[in-house]
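The primary structure of each chain is shown beneath.
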Amino acid sequence: MGRSGLAGVDRERGGGQVNGLEQFGQDPWWIIAIKVLLVFVVCVVLTLFNIWWERKVVARMQHRIGPNRHGPFGLLQSLADGVKLALKEDLTPEKADKIVFITAPILATVPAFVTFAVIPFGPEVNLFGVQTPLQLTDMPVAVLFVMAIASIGIYGIVLGGWASGSTYSLLGGLRSSAQMISYEVSMGLALVTVFLMAGSLSTSQIVEAQTDWWFGALLLPSFVIYCVSMVGETNRAPFDLPEAEGELVGGFHTEYSSLKFALFFLAEYINMATVSALATTLFLGGWRAPLGLGTVWPGANEGYWPVLWFFLKMFFFIWIFIWLRGTLPRLRYDQFMSLGWKVLLPASLAWIVVVAVIKMTAIQGGFSPNWFLFGFGLAVTVVVVLGFLNRLPEKEAQVTKPTGGYPTPALPQGGAVRGAAQPLVFGPPAVPTGTNGVRILPSREEAK
């Protein structure tokens, strides 16, 4: 029997009994209804907070103030923007396929909410007198369920761009579909090593498998590949190519307004929270207390405290999203697709083989593979990072000096100028003089 066990098998951890998948599906209907409502409220409130937080962090990076009028610290600015969107005029293009045009934002938004159903927020707690896990449901293939449901959101973007009847929207939708499908491949392969180590695809059992070691440390290359892939999957900067204003105006949602545009906006931010929550669950121990706090304080992993640890880890990933947006420029589309297919995909396949070999060797040899995986993964990651940092600059192409200076002027003798521009130096103002050298005083009107 694997590490995960089977449904209905109880395991002992730290003196307390931890049930398998049979602890799900036993709640009364009103507890399930409360959980559904809580998941919906958390997603909506989290979106409002993330929008405010992004505007505040980017404003600080750019030496601005950010939202500070509506509510304390500007916290109600996102709510005010949502009300403004709802009250705007709702326009539908004359050439649009109206049924598909209206359905597309719903297809993009609903899967974003559904994926949170299998995310564990904490252990089993007492909720209104009922012992229940802080998770709506779980299943033996919960991670595959998340990947499958998230893939449905692509249809909303593609159909929204196609049904708009606009060339820019159509190109944005096609570009987005190619981007999301490409990076879903590398994202899925990055998770294969997690399944190998946990022995399960259940989110709750993957969290249980990280009691001693977080998979983010054991499987560091998979963690890095997933982090890069999740940014491309959510169409966030520097991979926000479907919304490249310089080429596609606004991308797939160019023709949308009012609440339909707000649904696309909502889907983007919920997807950002979804991939962050999944990364927390699969690589950072889920709701478990960080940095060995559970060994010092046994109550850190009991009750409702784990909810705090879960959201702190999730906000760390969301802050990474915001940091990237405020720092990096947008990639070219060919660079972006080459990164996914020529770098991330082969690296994922090679790392899966390495993990499988180390895991099988450890099983046959009767030793723990944790230190081997940690050391090997750390070495590979350091080598790759140093390779990027120490990459030599490409040699400047030899450009022959054109005979004429127009329309393309000649380059400087030593090639393109690098570094900061030379500072400007201003001398004393020139004093106008007459032909005989006598200084001319300005008139009264000129002096004014």
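Further up the page is the structure itself.
The rules behind each value
Residues numbered from 1 in each chain as written. Predicted model: local features only at pLDDT ≥ 70, side-chain atom pairs only at ≥ 80, totals over all residues. Heavy atoms only, no water. Helix = DSSP H or I, 4+ residues; strand = E, 2+ residues; numbered from the N terminus. Buried < 20%, exposed > 50% of the residue type's maximum accessible area, 1.4 Å probe, protein only. Areas by Shrake-Rupley, 256 points an atom, 1.4 Å probe, with all protein chains shown as cover. Phe/Tyr/Trp six-rings, centres within 6.5 Å; stacked < 30°, edge-to-face > 60°. Lys NZ or Arg CZ within 6 Å of the ring centre and 35° of its normal. Pairing = 2+ DSSP bridges. Expected span 1.5 Å × (residues − 1). Bend = angle between axes of the 7 residues up to and from the residue. Contact = heavy atoms within 4.5 Å. Salt bridge = Lys/Arg side-chain N within 4 Å of Asp/Glu carboxyl O. Axes fitted to C-alpha atoms, helices over the stretch in contact; angles between N-to-C directions. Parallel < 35°, antiparallel > 145°, perpendicular 65-115°, else oblique. Nonpolar A, V, L, I, M, F, W, Y, C, P; charged D, E, K, R; others polar. Core = buried A, V, L, I, M, F, W, Y, C linked by side-chain atoms within 4.5 Å. Lys, Arg positive; Asp, Glu negative; His and termini not counted. Left-handed = near helix turned anticlockwise from the far one by under 90°.

### Regarding the overall build of the chain
Looking only at helices and strands, the chain has 15 helices and four strands in total. Within the span of the chain, comprising 448 residues, buried residues form 42% of the whole. For the chain, the exposed area adds up to about 25000 Å²; of that, 67% sits on carbon and sulfur atoms.

### Topic: the packing of aromatic side chains
Where two aromatic rings form a pair, the distance of their centres and the angle of their planes describe that pair. Under the defined criterion, the tally for this structure stands at 31 aromatic pairs. Ring centres 5.2 Å apart and planes at 70 degrees place the aromatic pair Phe121 and Phe310 in the edge-to-face group. Pair noted here: Phe121 is in the loop between helix 3 (98–114) and strand 3 (124–127) and Phe310 is in helix 12 (residues 305–327), with a separation of 189 residues, a long-range link. Each member of the pair Phe121 and Phe310 is classed as buried. Look at Tyr183 and Phe336: their rings are 4.4 Å apart centre to centre, the planes differ by 10 degrees, and that puts the pair in the stacked class. Of this pair, Tyr183 sits in helix 5 (residues 167–198) while Phe336 sits in helix 13 (residues 333–365), placing them 153 residues apart in sequence. A single burial state applies to Tyr183 and to Phe336, both of which are buried. The ring of Tyr269 is capped by Arg236, whose NZ or CZ atom sits 5.5 Å from the centre of that ring.

### What to know about the pairing of strand 4 (residues 130–133)
Of the strand pairs in this sheet, strand 3 and strand 4 are connected by four bridges, and their pairing is antiparallel. Counted as the bridge partner of Glu124 is Pro133 from strand 4. Hairpin connection from strand 3 to strand 4: two residues lie between these consecutive antiparallel strands, with Phe128 at a positive phi of about 55 degrees.

### Some remarks on helix 13
Here helix 13 is 33 residues long and its end C-alpha atoms lie 47 Å apart, about the 48 Å a rise of 1.5 Å per residue gives. If you look at helix 13, its biggest bend is around 30 degrees, right at Leu339. The set of residues buried in helix 13 consists of Phe336, Met337, Gly340, Leu344, Leu345, Ser348, Trp351, Ile352, Val355, Ile358 and Ala362. Following helix 13 by one or two positions, Gly366 has its phi on the positive side, about 75 degrees.

### What to know about the environment of Pro111
Inspection of the secondary structure puts Pro111 in helix 3. Judged by relative accessible area, Pro111 falls into the buried class, the value being 8%. With sequence-adjacent residues up to four places away left out, Pro111 is seen in contact with Ile106, Ile149, Ile152 and Gly153.

### Section: the pattern of salt bridges
Tallied over the entire structure, the rule returns nine salt bridges. Residue Arg288 pairs with Glu208 through a salt bridge whose shortest N-O separation is 3.1 Å. Of this pair, Arg288 sits in the loop between helix 10 (258–283) and helix 11 (293–296) while Glu208 sits in helix 6 (residues 203–208); the two residues are 80 residues apart in sequence, bridging distant segments of the chain. Residue Arg236 is joined to Glu268 by a salt bridge in which the shortest nitrogen-to-oxygen separation is 3.3 Å. In this pair, Arg236 is assigned in the loop between helix 8 (220–233) and helix 9 (245–248) and Glu268 in helix 10, connecting sequence segments 32 residues apart. Pair check on accessibility: Arg236 and Glu268 agree, each one buried.

### Description of the packing of helix 4 (residues 142–163) against helix 5
As a packed pair, helix 4 and helix 5 sit with axes 8 Å apart at the nearest point and diverge in direction by 170 degrees. Looking at the two axes, helix 4 sits roughly antiparallel to helix 5. In this structure, helix 4 contributes Val143, Met147, Ala150, Ser151, Ile154, Ile157, Val158, Gly161 and Trp162 to the contact, and helix 5 contributes Ser169, Leu170, Gly173, Ser176, Ser177, Met180, Ile181, Glu184, Met187, Gly188, Leu191 and Phe195. Of the residues belonging to the contact of helix 4 with helix 5, the class tally is 13 nonpolar, seven polar and one charged.

### Here's the deal with the nonpolar core
Within the largest apolar cluster, 70 residues are counted, with the highest numbers of intra-cluster contacts made by Phe116, Phe215, Leu219, Tyr226 and Met230. Sorting elements by how many residues they give to this core places helix 10 first, with 11 residues. Among all residues touching Phe215, those that are not within four sequence positions of it are Val194, Met197, Ala198, Ile206, Ala209, Gln210, Leu220, Leu282 and Phe283. Grouped together as the second largest cluster of nonpolar side chains are 12 residues, Ala104, Ala108, Ile157 and Tyr256 included.

### Quick look at the environment of Phe374
Inspection of the secondary structure puts Phe374 in helix 14 (residues 370–389). Distance in space between the C-alpha atoms of Phe374 and Ala217 is 6.1 Å, their sequence separation being 157 residues.

### Regarding the side chain of Glu184
Among the secondary structure elements, Glu184 is positioned in helix 5. Although buried, Glu184 forms no salt bridge, and the nearest oppositely charged side chain, Arg236, lies 16 Å from it. Every residue in contact with Glu184, bar those within four places of it in the chain, is listed here: Met147, Ala150, Ser151, Ile154 and Glu233.

### Remarks on the packing of helix 10 against helix 12
For any two helices packed against each other, the geometry is given by the interaxial angle and the distance between the axes. In the contact formed by helix 10 and helix 12, the axes pass within 9 Å of each other and the chain directions differ by 125 degrees. Compared by their axis directions, helix 10 and helix 12 come out oblique. For the pair helix 10 and helix 12, the sense of crossing is right-handed. For the pair helix 10 and helix 12, the contacting residues are Tyr269, Met272, Ala273, Val275, Ser276, Ala277, Ala279, Thr280 and Thr281 in the first and Phe310, Lys313, Met314, Phe317, Ile318, Phe321 and Arg325 in the second. Tallied by class, residues from the contact of helix 10 with helix 12 come to 11 nonpolar, three polar and two charged.

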